[in-house]
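Descriptive structure summary
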Amino acid sequence: MAEPDPPPNPLDSATYALLENSVRDLRIIKEFAELMLGHRGDIREVLWDVAQHAMARLGLEDCVVYLLDEQRGDLEQCAAFGPKNPAGREILNPIRIRLGEGIVGSVAVGGHIEMIDDCSLDARYIHDDQQRLAELAVPILNEGRVIGVIDSEHSRRGFFTAWHRDLFVAIAASAAGRIMAAIASNVRRRLSTHDGLTDLLNRGELLRQVQQRLNLDNSAAAAIFLDLDRFSLFNDTLGHVVGDAVLQSVAQRIRAMVPPGAIAGRFGGDEFVVLLSGDEAEGVATAERILNEIGGRFDSGVMAGFQISCSAGVAARIEGDLAMGLINRADRAMYLAKQEGGGRACVYDSRLASRLRREQTLILGVARAADTEDPALQVHLQPVFVVPDQTWVAVEALARWEHPQLGVVPPSEFIVIAERTGKIQSLGYRLHRLALQSLRDLQTEGRPELLLQINVSPLQLRLADFAPRLIELAQEFAIGPHQLACEITETALI
């Protein structure tokens with residue numbers, strides 16, 4: 001009868017410990033993968049979980065997780081455990097590594113694994129917090145593209161094994177998908193709150209943050225409203241590519257000039273808004289710094305050689321302010337800066353408030369007078385004499401308007417408003433009709449044929465049918481075209 005096989009020898013303690021550690025490591029990998037599947041945090045939270053919920057439990061001395069910053073072209077230390085992580089989620093003296101620099105930078109460029117048995121023999125080794133002898137660096141890959149690096153060092157030569165390498169690869173693979181999901185979430189969130197061209201806050205988020213700041217307390221605040229002077233010139237003559245470059249460059253200069261804690265956003269088109277903590281004087285000082293920076297000559301890219309200017313309005317916060325009200329007042333002050341030639345900052349104060357109220361009243365009144373038979377709008381004929389014999393040779397049509405609230409408004413004021421609001425065509429036609437009617441009435445009284453001098457805006461002359469309509473109007477009142485003399489108003493022409 002054959003002897004039975006002898007029972008297997010019990011495992012020696014070293015082999016048993018190895019198996020026990022392997023089972024522990026696999027459990028850690030499993031738990032980490034499950035954590036990643038349910039993760040809803042941002043990128044930084046994912047990376048800290050890589051370091052502290054996975055790497056820190058594998059019996060290593062240290063670990064640093066790097067994230068690739070594509071804009072800067074380097075790697076940032078974002079999470080760690082060991083000497084670099086003195087407490088909580090804090091990194092002691094975080095550094096950045098250029099692509100291709102050191103062992104970690106080489107991994108980021110090549111997308112391969114680096115396992116170094118003796119770092120003292122590798123010239124690429126970077127001494128960060130302390131000198132160690134072994135290093136294992138594994139890329140975090142997404143569709144073959146490096147998005148980060150997991151790096152660990154050890155004080156014992158040849159510490160890292162193929163087992164460690166496989167564990168690092170498994171952790172990197174579990175983390176990669178969640179990192180990309182967090183990046184996509186950040187991109188979506190940023191697109192919903194930031195302007196796609198300038199990367200400043202968009203209009204909606206700007207208003208939200210300004211209102212939030214106003215709701216926090218009653219401390220001083222000032223809004224700055226910025227608008228580029230003659231920006232359409234860039235778009236219309238040089239194209240939108242140059243126009244976009246202007247806006248991006250201006251946004252960079254605004255970002256560089258605003259103080260810490262300020263809110264800056266693109267309000268729309270070539271308009272920008274800044275809200276800062278401080279009084280009116282601080283608002284003016286900041287606005288002037290921004291204007292000086294924007295007004296500097298560009299020396300690179302498609303903007304090389306260009307110089308632009310900007311107008312600014314400043315409004316200080318008042319009690320009970322809402323975001324839109326504060327910004328509107330700064331906008332009104334900016335509008336005054338434009339009227340005064342641009343390239344400067346104006347402040348919204350009681351004088352400006354009174355002026356703007358009058359202007360708004362006039363805008364509404366001019367529109368009504370231009371489109372209706374408003375009896376307050378009249379034309380008086382002023383005789384022109386030949387001095388020696390006091391003979392009438394002509395009459396000059398003088399517009400008069402007595403506003404029900406504002407009293408007599410001079411033509412120098414309401415004609416400018418009509419030109420600016422697009423009402424000059426209809427208002428001018430009405431004034432010419434009144435002048436021709438008055439001349440007809442005068443001639444009916446027995447006056448000889450007189451020359452009628454009427455004012456014409458350059459904006460009226462731009463219309464192709466101006467002359468035919470004026471001649472037709474003269475014929476209606478039996479006035480010969482030879483009796484008309486058109487004098488060009490200066491305001492729009494200048």
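Preceding block: the structure.
The present account deals with the structure reproduced in this document. Note that the coordinates shown come from a computational prediction; the quantities given were computed from them, not determined experimentally. (Residues numbered from 1 in each chain as written. Predicted model: local features only at pLDDT ≥ 70, side-chain atom pairs only at ≥ 80, totals over all residues. Heavy atoms only, no water.)

This part takes up a negative patch on the surface. Where like charges cluster on the molecular surface, the negative patch consists of Asp279, Glu280, Glu282 and Asp349. Counting through the fold element by element, Asp349 comes out in the loop between β11 (345–347) and α10 (350–371). Taking the relative accessible area as the measure of exposure, Asp349 reaches 30% and is therefore partly exposed. (Patch = residues over 30% accessible without salt bridge, like charges linked within 9 Å, V, L, I, M, F, W, Y side chains within 5 Å. Areas by Shrake-Rupley, 256 points an atom, 1.4 Å probe, with all protein chains shown as cover. Salt bridge = Lys/Arg side-chain N within 4 Å of Asp/Glu carboxyl O. Lys, Arg positive; Asp, Glu negative; His and termini not counted. Charge placed at Lys NZ, Arg CZ, Asp CG, Glu CD. Helix = DSSP H or I, 4+ residues; strand = E, 2+ residues; numbered from the N terminus. Buried < 20%, exposed > 50% of the residue type's maximum accessible area, 1.4 Å probe, protein only.)

Attention now moves to the nonpolar core. In this structure, Met55, Ile150, Ile171 and Ile179 are the most contacted members of the largest nonpolar core, which totals 53 residues. Broken down by secondary-structure element, the contributors of at least two residues to this core are α1 (13–37), α2 (43–54), β1 (63–69), β2 (74–81), α3 (102–110), β5 (134–142), β6 (145–154) and α4 (162–193). At 9 residues, the largest contribution of residues to this core is made by α4. Met55 has contacts with Val50, Leu60, Cys63, Phe81, Ile150, Phe168 and Ile171, leaving out every residue within four places of it along the chain. In terms of nonpolar packing, the next biggest core, distinct from the first, is built from 35 residues, Ala376, Leu377, Ala399 and Phe477 among them. (Core = buried A, V, L, I, M, F, W, Y, C linked by side-chain atoms within 4.5 Å. Contact = heavy atoms within 4.5 Å.)

One pass over the structure, following the stated rule, counts 2 cavities of 30 Å³ or more. Roughly 150 Å³ of internal volume is contained in the largest cavity. Tyr66, Ile126, Asp128, Asp151 and Glu153 are the residues nearest the centre of the largest cavity, which is lined by 19 residues in total. Of all the secondary structure elements, the ones that give two or more residues to the lining of the largest cavity are β1, α3 and β6. Partitioning the lining of the largest cavity into residue classes produces 9 nonpolar, 2 polar and 8 charged. Within this model, the second largest cavity holds a volume of roughly 100 Å³. Gln425, Gly428, Tyr429, His432, Gln460, Leu463, Asp465, Phe466, Arg469 and Leu470 are the residues that line the second largest cavity. Sorting the residues of the lining of the second largest cavity by element identifies α12 (424–444) and α14 (466–476) as the ones contributing at least two each. Tallying contributions element by element places α12 first for the lining of the second largest cavity, with 4 residues. Here the lining of the second largest cavity is built from residues that sort into 4 nonpolar, 4 polar and 2 charged. (1 Å grid on protein atoms, 1.4 Å probe; cavity = no way out; pocket = protein on both sides within 12 Å on 5 of 7 lines; lining within 4 Å. Points joined across faces, edges and corners; volume = space filled by probe spheres on them. Nonpolar A, V, L, I, M, F, W, Y, C, P; charged D, E, K, R; others polar.)

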